Amino acid sequence: MRRPRQITLAIAAFIFTLNSTAAFSQTPLPRRIIIAAGTVFDGRGHVLHDTRIVIQGSKIVTIDPKASPVDYDLRGLTVMPGWIDAHVHISWSFGSDGKNAGGGGTTPEATLAAASNAWVTLQAGFTTVQSVGNPSDVTLREAIAKGSIPGPRILTSAEPLAGQGEQTGTPDQIRAFVREQKRAGADLIKIFAAAGPNRSDPTLSRAQLEAACDEAKKLGLRALVHAYGPAVRLATMAGCSQIEHGVGATDDDLKLMAARGTYLDPQAGLIWENYILNRDKFAGTPYYPKTPEGFDSMQKLIPLYHDFLKQALKIQGLKILFGTDALAGSHGRNAEEFIDRVRDCGVDPMMAMISANSLAAEALGLGSQIGSLAPGLQADIIALDGDPLKDITAVRRVVFVMKGGVVYKTDLPPNKVQSKQTIEVTP
Ligand SMILES: [Zn+2]
């Protein structure tokens with residue numbers, strides 16, 4: 001469609017004005033923000049003491065114990081990079097009837113619920129999430145990226161590929177589906193290659209998985225595969241980037257993943273705890289048991305998932321990510337998964353933090369932008385009231401959240417922090 005000539009001229013004139021203004025005016029540098037911290041995890045496993053983080057605009061510019069004046073005094077807290085959750089369903093919510101409404105709704109209620117999920121997730125210390133996903137995520141991602149509404153940075157799969165055996169399509173049709181998601185704005189491709197832990201038969205063939213993951217790779221996208229049992233090996237052999245869940249994989253399958261650098265994103269409880277907690281809201285909705293009693297059997301799945309994570313921890317070189325599978329009821333409670341991993345599976349607390357910092361950033365292909373506290377990286381910074389290395393429940397007490405240099409939460413405990421105002425004045 002051609003634009004009317006007058007509009008084209010008006011746009012040209014506007015761009016000219018903008019350019020000439022830029023040429024004569026000096027853009028002021030964004031304000032510096034300085035954070036004083038007693039204990040800092042850098043996101044890669046190192047701990048810094050008594051230092052200051054200097055932020056300008058959206059980025060960290062330096063870490064310098066002598067920098068002043070201080071804007072936020074976070075001494076007495078544990079400071080670290082904002083967490084990254086590699087597996088959420090950001091738009092899933094409960095509807096106005098209180099029942100699970102799933103995700104992807106486009107009603108005003110569903111849209112507001114998705115925005116609310118984004119807000120509570122950010123407030124809980126998660127500054128980036130990977131939503132796996134549905135098409136409505138794209139609009140939410142854009143609104144947050146523009147700064148129209150607050151929320152974590154979102155990466156999304158748009159529409160996932162649901163494996164249904166031959167019905168899924170030929171390899172060529174699957175490649176076309178992957179290209180369609182790229183056009184729709186997907187950051188990654190999500191693939192379902194098995195039903196669940198009790199029905200782990202692969203729902204896609206090796207050739208179908210290869211088509212999906214190879215096409216994704218050609219387009220510069222990663223492919224995340226929901227897989228159990230034998231589907232784990234199939235997806236690994238097919239060159240897919242990451243395995244979600246994974247229960248039922250053998251040691252040999254996991255060793256193959258380690259050798260090929262395939263990420264594993266297992267869960268240690270939150271997903272099942274959430275279903276049991278909210279059983280009345282899930283009961284009778286599509287794909288869930290009809291009655292609240294039907295959720296009793298889920299209790300038995302929790303030890304299965306614990307055992308699987310313990311099994312995976314023993315595999316040398318296997319890259320184990322933090323991903324919660326957060327959906328209706330668990331948004332904003334993503335950090336409970338840290339507690340499950342450390343308390344119930346013996347995950348080292350620092351490893352748990354790294355799995356949601358530098359390792360997750362690397363898995364998302366964003367290692368040079370987020371997941372660590374270092375000059376040049378995005379200023380995604382959170383602070384916990386407590387030390388998660390001594391007491392993992394400190395992850396529930398996120399009292400400070402900054403994303404891209406913007407502060408979204410300063411709920412600082414008065415007994416630990418002298419002042420959140422400037423404590424030194426520039427001469
Ligand atoms: Zn999921």
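Everything discussed here concerns the structure shown above.
Here is what the cut-offs are and how they apply
- Residues numbered from 1 in each chain as written.
- Predicted model: local features only at pLDDT ≥ 70, side-chain atom pairs only at ≥ 80, totals over all residues.
- Heavy atoms only, no water.
- Buried < 20%, exposed > 50% of the residue type's maximum accessible area, 1.4 Å probe, protein only.
- Helix = DSSP H or I, 4+ residues; strand = E, 2+ residues; numbered from the N terminus.
- Pairing = 2+ DSSP bridges.
- Donors = N, O, S within 2.8 Å, 3.2 Å for Na, K, Ca; no water.
- Polar contact = N/O pair within 3.5 Å; in protein donor to acceptor, adjacent residues only side chain to side chain.
- Contact = heavy atoms within 4.5 Å.

The element strand 14 (residues 398-403) is largely enclosed, with a buried count of 6 among its 6 residues. When strand 14 meets strand 15 (residues 406-410), the two strands line up antiparallel, connected through 4 bridges. Note on strand 15: the bridge partner recorded for phenylalanine 400 is threonine 410. In this antiparallel pair of consecutive strands, strand 14 and strand 15, the connection spans 2 residues, and glycine 404 shows a positive phi of 55°.

Right, let's talk about the coordination of the zinc ion for a bit. The protein atoms that coordinate the zinc ion are His87 (NE2), His89 (NE2) and Asp325 (OD), at distances of 2.1 Å. Expressed as a motif, the donor residue spacing for the zinc ion is H-x1-H-x235-D. Within this pair, whereas histidine 87 is found in strand 5 (residues 83-88), its partner aspartate 325 is found in the loop between helix 10 (298-313) and helix 11 (336-345), the two being separated by 238 residues in sequence. Pair check on accessibility: histidine 87 and aspartate 325 agree, each one buried.

Right, let's get into the side chain of glutamine 181. You can see glutamine 181 is positioned in helix 4 (residues 171-183). The class for glutamine 181 is buried, based on a relative accessible area of 4%. In this structure the side chain of glutamine 181 is engaged in a polar contact, spanning 3.0 Å, whose partner is the backbone nitrogen of glutamate 159. Those residues in contact with glutamine 181, other than ones at most four positions away along the chain, are Ser157, Ala158, Glu159, Ala186 and Ile189.

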